[in-house]
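Tertiary structure, described
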Amino acid sequence: TNASTQINKILTDSAGLYISSAGHGTGAHNQIVFMTTGSASDTTARERMRIEHNGAVVFNGGDAVDTTTLDFTPGVVVNGSTPALGLRADADNFLTILTSNGQPVSFMFDHESSFRIRTATNAGGTSAATKMTLDSTGNLSLEAGNALFLDGGSQTYINESSDNVMNFQTAGSSRMVIDGSGNA
């Protein structure tokens, strides 16, 4: 209890199982920690998941977890030497995000599928519109009307200004237009 009023409960009723921990005098100490041992003969419990006071969920954390570096509340932190976050519908429909010590971050998806970046009016995907697609062959495509900006802003870009017409812009002005027959 750490010299404060604390309530810890494991409850069951007709609606399910509930785990509750609340009331620590220091708000940052109000968390729920899930621990397991490595085997039947192991007597040392290791932290596997923690729900922090701010709603952040930490996997494989231990005592040295710093969720404040995430800058999102709530958030998900996966710790380890090769941490990964995976979304999987089945063996052929998945997305895995992972990193390894000193290695670049990898986004992996089914080799026969495509990876799309879309915008929507809400988290449920209402009116989702594809903005960019990376297909299974490695081709990257922008949807019609979108531009590839080369200066990180709005002055230098390439776009399809109309059907089969490429427009090259610099300093905010059109510098070259190539039509469907190859004429500039």
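Our subject is the structure listed above.
Residues numbered from 1 in each chain as written. Predicted model: local features only at pLDDT ≥ 70, side-chain atom pairs only at ≥ 80, totals over all residues. Heavy atoms only, no water.

Some details on the overall build of the protein chain
Along the protein chain, the regular secondary structure elements total 0 helices and 16 strands. In the protein chain, the proportion of contacts linking residues at least 24 apart, taken out of those at least 6 apart, comes to 3%. A total of about 12,800 Å² of accessible surface is found on the protein chain, and carbon and sulfur atoms cover 53% of it. (Helix = DSSP H or I, 4+ residues; strand = E, 2+ residues; numbered from the N terminus. Contact = heavy atoms within 4.5 Å. Areas by Shrake-Rupley, 256 points an atom, 1.4 Å probe, with all protein chains shown as cover.)

Side note on the packing of aromatic side chains
Tallied over the full model, the rule gives 3 aromatic pairs. Here the aromatic cluster, defined as three or more aromatic residues joined through ring pairs, consists of F107, F109 and F115. (Phe/Tyr/Trp six-rings, centres within 6.5 Å; stacked < 30°, edge-to-face > 60°.)

A few points about the pairing of strand β15 (residues 165-170)
Residues V165, N167 and Q169 line the buried face of β15, whereas the alternating positions M166, F168 and T170 sit on a face that is not buried. In this sheet, β15 lies alongside strand β14 (residues 157-162) in antiparallel orientation, the contact comprising 5 bridges. What sits directly across from S162, in β15, is V165. Two strands pair when backbone bridges link them, and β15 and strand β16 (residues 173-178) are joined in this way by 5 bridges, in the antiparallel orientation. Paired with T170 across the bridge in β16 is S173. Counting the residues that bridge the hairpin from β15 to β16 gives 2 residues, and of these A171 lies at a positive phi of roughly 50°. (Buried < 20%, exposed > 50% of the residue type's maximum accessible area, 1.4 Å probe, protein only. Pairing = 2+ DSSP bridges.)

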